[in-house]
Amino acid sequence: MKKEENVLPKGVRFIRNGYEARKTVNGVAICMRDKDLGQLLKKFEQRIHEVQAQESMNAIGLSTKTTLNDFFDYWFDTAKVLELKGEGSAKVLKRKFQRTFSFYIGYKTVHSILPIDVQAAINAMKTSNVGISTILDAFSLLRQCFDFAKANRIIPSNPCEAVILPKNYAEASEESIFLTEEEEKLFLSLEKHCWYEELFQFMFATGVRVGEVGGLLWSDIDFEKRLVHIRHNLECTYVEGRKIQQIYTPKTGYSIRDLPFDMGAWDLGEILERQKYKTDTLRKTLGTRWRDSEDVIFVTTMGSKCSRYIVASEIKRVLRRFKNGEYNVSGTLPNFHPHSIRHSFATRCAEKGVDVKVAYKLLGHSSITITMEIYQHVTDRLKSDEIKKLGKSDGTQTKV
């Protein structure tokens, strides 16, 4: 007997019909018995955690019966909100959660949610054609929420850790595409004298995000100091089937930056002055039919905000006409995404030898590592191009 008792975990002893485990946690006495030691230890550990979790939940005014929806609201309003820039960003993120995990598993208690529940919710969303980016954004929130619960000993592990996420390979490949300098000039020549000419010139000249160009206000422009203040972002969400477009401050401080009018060969002041003349003329022509109430710089032909969808649609329109031979010009253009323009700007910076720290500031990346990865990719490509110039001993060029 004594030999067997010596190898038992602390607080566990051998009894006539099996084993007994005792422990006092936060003033609560726990005593459990079982014939099987493994089963006893498993149930004993679970009970200890329940008592610890109850103590933690009581401290914040909740209980072990609290649902995910209630706990998410508590976490978001007391912790997550502290890292957000404005109330608008909070509303957008909450809507994403409400449209996704809140609908599928929000009614379950925090303690009862398993990885299989999270996986089933993701699979159901994908089947219902919920956008991949929406799923990933909502999953990031859910993971952070469960991390908070785990750190406060409310749950033993994060159920998001064993989940397989979907990937949007088509979108990822489009976004990773960048235009060469020749392709960039070709595309802009096709947009010459079109309504969105200045918008695309501005995007290629600055590398701003499509939400940033859509949320740019005339009050963000300092013509005297010749600076563009990037301070806003256009967010588009759907509530009960109704599209809502709102301009918010960026989610992180990295996005807030100033861009000089002189951007290489581009003069942003000249682009903006032409855009000002066009929009002022259009406003007079449309009169009461002018749709937008905010003084945004880049608008549609009806005076609406230029959302990501508008920019993407214009790119597709030009590419379709180009491939159909309607422009009667030579050259090639890849199928690209609005974000590819930003990637193209970063590539130009690397090709022209712009200091990576300067490019990092101009792009407003959240980490300089992102900028450095683009620079490394460009460096590897240029190195490969140089190697191709090496000739064989017979004087012919090496084929790679």
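Parameters and conventions
Residues numbered from 1 in each chain as written. Predicted model: local features only at pLDDT ≥ 70, side-chain atom pairs only at ≥ 80, totals over all residues. Heavy atoms only, no water. pLDDT = per-residue confidence, 0-100. Helix = DSSP H or I, 4+ residues; strand = E, 2+ residues; numbered from the N terminus. Axes fitted to C-alpha atoms, helices over the stretch in contact; angles between N-to-C directions. Parallel < 35°, antiparallel > 145°, perpendicular 65-115°, else oblique. Left-handed = near helix turned anticlockwise from the far one by under 90°. Contact = heavy atoms within 4.5 Å. Nonpolar A, V, L, I, M, F, W, Y, C, P; charged D, E, K, R; others polar. Phe/Tyr/Trp six-rings, centres within 6.5 Å; stacked < 30°, edge-to-face > 60°. Buried < 20%, exposed > 50% of the residue type's maximum accessible area, 1.4 Å probe, protein only. Core = buried A, V, L, I, M, F, W, Y, C linked by side-chain atoms within 4.5 Å. Salt bridge = Lys/Arg side-chain N within 4 Å of Asp/Glu carboxyl O.

A short note on the confidence of the model for the chain
Scored by pLDDT, the chain has a mean of 86; 86% of the residues are at 70 or more. Predicted confidence in the chain is weakest over helix H1 (residues 2-6), with a mean pLDDT of 49, and strongest over helix H10 (residues 197-206), with 98.

Describing the packing of helix H14 (residues 338-351) against helix H16 (residues 368-388)
With their axes 9 Å apart at the nearest point, H14 and H16 run at an angle of 60° to one another. In this view, H14 runs oblique relative to H16, as classed from their interaxial angle. In the crossing of H14 with H16, the sense of the turn from one axis to the other is right-handed. Residues His343, Ala346, Thr347, Cys349, Ala350 and Glu351 of H14 form the contact with H16, whose participating residues are Ile374, Tyr375, Val378 and Arg381. Class assignment of the residues belonging to the contact of H14 with H16 gives a composition of six nonpolar, two polar and two charged.

Overview of the packing of aromatic side chains
Enumeration according to the criterion identifies 14 aromatic pairs in this entry. Measuring from ring centre to ring centre gives 5.2 Å for Phe187 and Phe336, while their planes differ by 80°; the resulting arrangement is edge-to-face. With Phe187 in helix H9 (residues 181-190) and Phe336 in the loop between helix H13 (308-323) and H14, the pair connects residues that are 149 residues apart, well separated along the chain. Relative accessible area serves as the criterion here: at 0%, Phe187 is assigned to the buried category.

A look at the nonpolar core
Of all hydrophobic cores here, the largest spans 57 residues; its most connected members are Phe187, Phe200, Phe202, Val228, Leu272 and Phe298. Sorting elements by how many residues they give to this core places H10 first, with six residues. Excluding residues within four positions of it along the chain, Phe298 makes contact with Glu198, Leu199, Phe202, Val213, Leu216, Leu272, Gln275, Ser304, Lys305 and Cys306. Core analysis: the second largest hydrophobic core is formed by 31 residues, Val118, Ala121, Met125 and Val163 among them.

Some thoughts on the pattern of salt bridges
Scanning the model with the defined rule gives 25 salt bridges in all. A salt bridge links Glu184 to Arg348; its shortest N-O distance comes to 3.0 Å. A residue pair is termed long-range when its members are at least 10 positions apart, and Glu184 in helix H9 and Arg348 in helix H14 qualify at 164 residues. Owing to a relative accessible area of 10%, Glu184 belongs among the buried residues under this scheme. Overall, Arg348 belongs to the buried group, its relative accessible area being 9%. When the shortest N-O distance is used, the salt bridge between Asp280 and Lys276 registers 3.8 Å. Remark: Lys276 and Asp280 occur in helix H12 (residues 268-286); sequence separation between them is four residues, near one turn of the helix.

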